[in-house]
Amino acid sequence: MLLNLHVKNLAIIDEVDVYFTDHLNILTGETGAGKSIIIGSINIALGGKVNKDIIRKGADYALVELVFQIDDLHTIQKLKELDIEMEDNQLIVSRKIMNGRVVNKINGNIVPTATLRSVASFVIDIHGQHEHQSLLYKTKHLSILDRFAKNEILELKAEIRKYYQQYNNIKRELDSDDMTTDQRLRQMSFLEYEINEIENARLKKGEEEELFAQFKKMSNASEISENINGVYQLTSQSQDSVSENLSRSLRMLAKVDELDESLAGFKDQLIEIESLMNDFNRDLSSYQDEMQFDPSAYQEVDERLNLIHNLKAKYGNSFDEIQEYYAQAKAKLEKYQDYDCYVAKLNKEKERLEEILEEECSKLSEIRQKYALELKNKIVDALLDLNFLDVRFEVNFNRFDHFTENGFDDVEFLIATNIGEDLKPLAKVASGGELSRVMLALKSVLADNDAIDTLIFDEIDVGVSGRTAQKVSERLSFIAKDHQVLCITHLPQIAAMADSHYIIEKSATSDRTSTTIYRLDEEKSVSELARILGGAVITDAVIHNAKEMKELAAKTKLYSFEN
């Protein structure tokens, strides 16, 4: 459930902080007050598109924050799979928008936008005019049916997706290897050349690093030798060398160590230092003796490094990548050497997968058709309840001439809204108001199958009025029995059904315009309802009518909850 919405510096919103409740939350306000911005801010927080001019004029940033209470165990598990941990089952989603930069956070941790969208998909369902229009696209109808049947088809769809990927890979392999004999022979010749080049190089893991170290030493032999010789002179060869000075110091201590017992420790330390220096000088002398520049060895290392760099340029940036390329080249060569057998093997595997897909997709289609009948009946009931008096609705099945990762079903919703009319696709029948009611019917049916607790409806009342508006309000109230519903409306019949009623207002000064939102008490809710009913002039009769509508709505909800 969405507990809180906090918005700051977004478009014409200075700062808004609003708490929502269970059941039906109704949002009303004058045209242009900023109702769409409120819903838009929720969309933005959940990973929606951010326009560059969305930050309020004069502000450095915009912020939207949502607080959810998550009690559904399945949803909590999904959040854990996204590495999202909660305290007291609360989910806090925020999005801070700065010039050229957006920072997304969930429970205080920065996350990518893709994670926000994943979270949104199972905590909230937002429906506006765009979603109503999506019903016109046949491609959406299969996903709606699958959402209704999801508990029974999830595993089967996953199996089909796995087999389809294997099948598709084999088809691509067969298509990519469709070449003439001459082309295959040329390819074999080229592969043999590459394989021989890699084999003849006899590369060793770590060899390049060792060779580079040798090359570096050889390339700088003169400088190394000069400096090592200088060090050796300073430590052992000159009259004022470190070794000579240590020897003098020891002789001096030897003259006085018997005069003071505490001097013995200094003498011992100096003896140890002299021993270390002698070892150092011997090692340095040995290094000097071995430090000889061999032009032929240098050339050999240089040529070997050039060979390795050439192979890397052709076959990969590392020893492991070259070896992987070598293995792939050998496999290709073996394939082309016995090409007919290889193609026959692929075709046999393709046939096997086609048989599996045919069987699995048929199972999926049978389950879908079973649920399609149930979905059809429930949608018809919901549409009748929404004042479609003579409606017929069907889920039409056709079959693609190919497999897809979703099976082979081509599904389309058909509807007839009047007696004597033929069933036709939604796009050819439904008006804007009818579409919004069809969407509401679908959502009321799907809501029982969803763990999503919060549903938002924007423009659900497009094109409806009178008795139909009353039916829409009753359907919204019915959904809100078991879900939290947020609904923006212009209709008094829907507003009267509110369990919590919020007003969205716009105020203006000489240089600023601001939108605010706050919850209305019962008296102010009646006044707002009267405004919607009466427009500019609010008479006592309009106020009385508003009170009657609220009382009737309360009785309707009570009856609905009891039944």
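Look above for the structure.
Residues numbered from 1 in each chain as written. Predicted model: local features only at pLDDT ≥ 70, side-chain atom pairs only at ≥ 80, totals over all residues. Heavy atoms only, no water.

Trainee: Would you explain the overall build of the chain in this entry?
Mentor: Check the secondary structure of the chain and you find 20 helices and 15 strands. Over its C-alpha atoms the chain spans a radius of gyration of 40 Å, topping by over 25% the 24 Å that the globule rule assigns to 563 residues. Looking at the chain as a whole, 43% of its 563 residues are labelled buried. Considering only contacts in the chain between residues 6 or more positions apart, those separated by 24 or more positions represent 71%. Per element, the accessible surface of the chain, about 31,200 Å² overall, is 48% carbon and sulfur. Distance between charge centroids for the chain: 6 Å, based on 68 positive and 99 negative side chains. (Helix = DSSP H or I, 4+ residues; strand = E, 2+ residues; numbered from the N terminus. Rg over C-alpha atoms; globule rule 2.2 N^0.38 Å. Buried < 20%, exposed > 50% of the residue type's maximum accessible area, 1.4 Å probe, protein only. Contact = heavy atoms within 4.5 Å. Areas by Shrake-Rupley, 256 points an atom, 1.4 Å probe, with all protein chains shown as cover. Lys, Arg positive; Asp, Glu negative; His and termini not counted. Charge placed at Lys NZ, Arg CZ, Asp CG, Glu CD.)

Trainee: Got a minute to help me understand the pattern of salt bridges in this structure?
Mentor: For side chains of opposite charge, pairing can occur when their charged atoms come near one another. Across all of its chains, the model carries 27 salt bridges by this definition. Its salt-bridge partner being lysine 350, residue glutamate 354 comes within 3.3 Å of it at the nearest N-O pair. Of this pair, glutamate 354 and lysine 350 both sit in helix α14 (residues 339-385), four residues apart, roughly one helical turn. Between glutamate 394 and lysine 376 there is a salt bridge, with the nearest N and O atoms lying 3.1 Å from each other. Linking glutamate 394 in strand β9 (residues 392-404) with lysine 376 in helix α14, this pair joins segments that are 18 residues apart in sequence. (Salt bridge = Lys/Arg side-chain N within 4 Å of Asp/Glu carboxyl O.)

Trainee: How should the pairing of strand β5 (residues 90-98) be read in this particular structure?
Mentor: On any regular strand, side chains alternate: one points to one face of the sheet, the next to the other face. Relative to β5, strand β4 (residues 61-69) runs antiparallel, the two sharing nine bridges. Opposite alanine 62, over in β5, you have isoleucine 97 as the bridge partner. As paired strands, β5 and strand β6 (residues 101-106) are joined by six bridges and run antiparallel to one another. Its bridge partner lying in β6, isoleucine 97 is registered against valine 102. (Pairing = 2+ DSSP bridges.)

Trainee: I tried to follow the sheet that holds β9 on my own but got confused; where do I start?
Mentor: Each strand in a sheet pairs with its neighbour through backbone hydrogen bonds, running either in the same direction (parallel) or in the opposite one (antiparallel). The antiparallel open sheet is built from three strands, whose spatial order is β9-β10-β11. Strands with a single pairing partner mark the edges of an open sheet, and in this sheet they are β9 and β11 (424-425). One ladder, built from nine bridges, connects β9 with strand β10 (residues 407-416); its direction is antiparallel. Bridging across to β10, asparagine 398 finds its partner in aspartate 410.

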